[in-house]
Amino acid sequence: MSELSPARIPDAPAIQRLPLLQLILVGLQHVLLMYGGAIAVPLIIGQAAGLSREEIAFLINADLLVAGIATIVQSLGIGPMGIRMPVMMGASFAAVGSMVAMAGMPGIGLQGIFGATIAAGFFGMLIAPFMSKVVRFFPPLVTGTVITSIGLSLFPVAVNWAGGGADAAQFGSPIYLAIAALVLGTILLVHRFMRGFWVNISVLIGMCLGYVLCGVLGMVDLSGMAQAPWLQFVTPLHFGMPKFELAPILSMCLVVVIIFVESTGMFLALGKITGQEVCPRMLRRGLLCDAGASFFAGFFNTFTHSSFAQNIGLVQMTGVRCRSVTIVAGGLLIVLSLLPKAAFLVASIPPAVLGGAAIAMFGMVAATGIKILQEADIGDRRNQLLVAVSIGMGLIPVVRPEFFAHLPLWMSPITHSGIAMATLSALTLNLLFNILGGAERAAINDCHAH
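Remember, it's a predicted structure, so these values are computed and weren't measured experimentally.

Draft legend 1. A look at the side chain of Ser92. When you line up the elements, Ser92 lands in the loop between strand E1 (89–91) and helix H3 (96–103). With a relative accessible area of 3%, Ser92 lands in the buried category. If sequence neighbours within four positions are ignored, Ser92 has contacts with Val41, Ile259, Thr304, His305 and Ser306.

Draft legend 2. Up close: the packing of aromatic side chains. For the coordinates displayed, the defined rule picks out 6 aromatic pairs. The interplanar angle of 75° and the centroid separation of 5.4 Å between the aromatic rings of Phe295 and Phe299 together place this pair among those described as edge-to-face. Of the two residues, Phe295 and Phe299 are both situated in helix H10 (residues 280–299); the distance of 4 residues between them amounts to about one turn of the helix. The class of Phe295 is partly exposed, set by a relative accessible area of 28%. Feature note: the residues Phe58, Phe114, Phe239 and Phe303 constitute an aromatic cluster, connected by ring pairs. Taking the ring centre of Phe193 as reference, the NZ or CZ of Arg192 above it sits at 4.8 Å.

Draft legend 3. Molecular detail of the nonpolar core. With 123 residues, the main nonpolar core has Met207 and Phe303 as its most contacted residues. Considering each element in turn, this core owes the most residues, 14 residues, to helix H9 (residues 246–274). Formed by 6 residues, the second largest nonpolar core is a distinct cluster that contains Ile258, Ile396, Phe404 and Ala420.

Draft legend 4. How the structure looks around the environment of Leu333. Assignment of secondary structure puts Leu333 in helix H12 (residues 324–338). Exposure remark for Leu333: the relative accessible area of 0% places this residue in the buried category. Here the alpha-carbon distance between Leu333 and Leu32, two residues 301 residues apart in the chain, equals 9.9 Å.

Conventions used here
- Residues numbered from 1 in each chain as written.
- Predicted model: local features only at pLDDT ≥ 70, side-chain atom pairs only at ≥ 80, totals over all residues.
- Heavy atoms only, no water.
- Helix = DSSP H or I, 4+ residues; strand = E, 2+ residues; numbered from the N terminus.
- Buried < 20%, exposed > 50% of the residue type's maximum accessible area, 1.4 Å probe, protein only.
- Contact = heavy atoms within 4.5 Å.
- Phe/Tyr/Trp six-rings, centres within 6.5 Å; stacked < 30°, edge-to-face > 60°.
- Lys NZ or Arg CZ within 6 Å of the ring centre and 35° of its normal.
- Core = buried A, V, L, I, M, F, W, Y, C linked by side-chain atoms within 4.5 Å.

Okay, here's the thing in structure tokens:
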């Protein structure tokens, strides 16, 4: 596969010349849809570590800062890092289980987590050139299966949001469902009756209407916003010098490998959507940015970072495929990290509003995977079996998260990730059925020919 030089990695030319206002609005859509995931990881780890509300807020701001910088590097491309496609970065959920366990370990805590994150990021930068050579093992059959599984594994999050939030006292209340339906219905109507600019910001329009309705109904909680400072800088090593312990480092190195597997599938799918061929060189740049972000994150009081799959659906649905949008979104994340009041305002968006938009977004991720599968020989029964088993494996952690509870703890980054389970299954079965099996069939046919 030929490699593209940096100057030849194109954006979608028809969409590249977006007006500044449109860039900002579409970028804001990316920020709003990934914001919940971006703040969830530091919130969970901060609570597990017994931090105060102010310290947890600092963790969240640190995550937004690193996510913003990493998003810009990934989208723009700086030095050897950055895949130069519309990618959003944020704290990865793959490490949450391991980090929660570390937070409660004597002598480990946050400093041990940050040390393991730094070490794992460095490890990731060492292995990224080797991981980038696996592109040939991701034909449309595998890529389509993985992306379909990503959409399906994200969908429970959308449903929980639409019902008012997983911890809502009245989950599924008609008012939550009505708000989610309003947001979703607005997005669909904009796509049906509007064109161009309005379609590009359809998600933002739907979420704004939902937010206004929630405000009128008294469902927007702004308590504590007055006490938040206007300006706050994230300082490195805020919680002290990192600690480097062998067991946490090994656990986080495994997480980085899983992140690379997930990111590879996401990059290839995004390449299909944007019309770019993701060659080994581009993949290496993308994975280096993932690992570099984690290395950088450990010094700036946050956790392993990865490319977010959520924005695949947004790119596909809006048709805005230029990386300028995510560069602007990265800038907005940096601004939010410096302005706690603004970050507080974004965080006040009720889950039902996010849920209405996420049903369309995450569903589009699965639809993209199905579209990619059309390029494969899906009529072959073995390929059908590959898709069936891999999607089934990917849904196990979604349907019953405790299914693998009795397996060793070090396996949890794999067994608790539907994306990792589906990817490893699809890669293994494709190797068995089509690569090794293909060579075997070719040898048999050659014998018959002679």
